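# Structural overview
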Amino acid sequence: MSASTLDKSKKTVSSDTLNFLKNNVYNITDITRHNKLTEMLDRFSEEVTDEVFIIQNAKNKNAKGAFLDLDYFEELLANKEALDNALDELIEEAAIQRLNSKATLSLHDVFDEDDIDFNQLMKEIGD
């Protein structure tokens, strides 16, 4: 492996990252054996905060979740919904603008892309 390959795959770790891991990542046993859950909820009761806690099961690497302020989560969802709606409107506007336009690509050119397998598509249509 060359030095340039190593540099590209290397992830940087900052003191902020380490502080987050140290202060905001807990195993489920930490939560159940101590008053950590109460401490977290108390932090959320003071004001809306973007603070996030990660809770994981040490016995199951895939069992993890985020614990965050409900008001902040609602704000994130509202922003996501607004973004989704804006993107839908842009796509709809582009489709309306192209509605009566003549197609400039042949069907072969469309299916020539790597992400569409014409033979597989025809097989699935037949099934």
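Anything mentioned here points back to the structure above.
This write-up is about the structure you can find in this document. What you see is a predicted model; the values in this text were computed from it and never measured.

## Examining the overall build of the protein chain
- The number of helices and strands found in the protein chain is seven helices and three strands.
- Listing each helix as α and each strand as β along the protein chain from the N terminus yields α-α-β-α-α-β-β-α-α-α.
- With 127 residues in all, the protein chain has 8% of them scored as buried.
- Pairs at least 24 apart in sequence give 39% of the contacts found in the protein chain among residues at least 6 apart.

## Details of the environment of Arg43
- Residue position: Arg43 is located in helix 4 (residues 36-46).
- With 25 residues separating them in the primary sequence, Arg43 and Leu68 have C-alpha atoms 10.0 Å apart.
- When neighbours within four sequence positions are excluded, Arg43 is seen to be in contact with Thr49, Glu51 and Phe53.

## Digging into the nonpolar core
- Counting six residues, the largest nonpolar core consists of Tyr26, Ile31, Met40, Phe44, Phe53 and Ile55.
- Of all the elements in the fold, those that place two or more residues in this core are helix 4 and strand 2 (52-57).
- Setting aside residues no more than four positions away along its own chain, Ile31 makes contact with Tyr26, Lys36, Leu37, Met40 and Ile55.

## Side note on the pairing of strand 2
- Pairing geometry for strand 1 (residues 25-27) and strand 2, over three bridges, is parallel. Paired with Asn27 across the strands is Gln56, a residue of strand 2.
- Pairing geometry for strand 2 and strand 3 (residues 60-68), over six bridges, is antiparallel. Paired with Asn57 across the two strands is Asn60, which belongs to strand 3.
- In this structure, the hairpin formed by strand 2 and strand 3 is closed by a connection of two residues.

Reading the values: the criteria
Residues numbered from 1 in each chain as written. Predicted model: local features only at pLDDT ≥ 70, side-chain atom pairs only at ≥ 80, totals over all residues. Heavy atoms only, no water. Helix = DSSP H or I, 4+ residues; strand = E, 2+ residues; numbered from the N terminus. Buried < 20%, exposed > 50% of the residue type's maximum accessible area, 1.4 Å probe, protein only. Contact = heavy atoms within 4.5 Å. Core = buried A, V, L, I, M, F, W, Y, C linked by side-chain atoms within 4.5 Å. Pairing = 2+ DSSP bridges.

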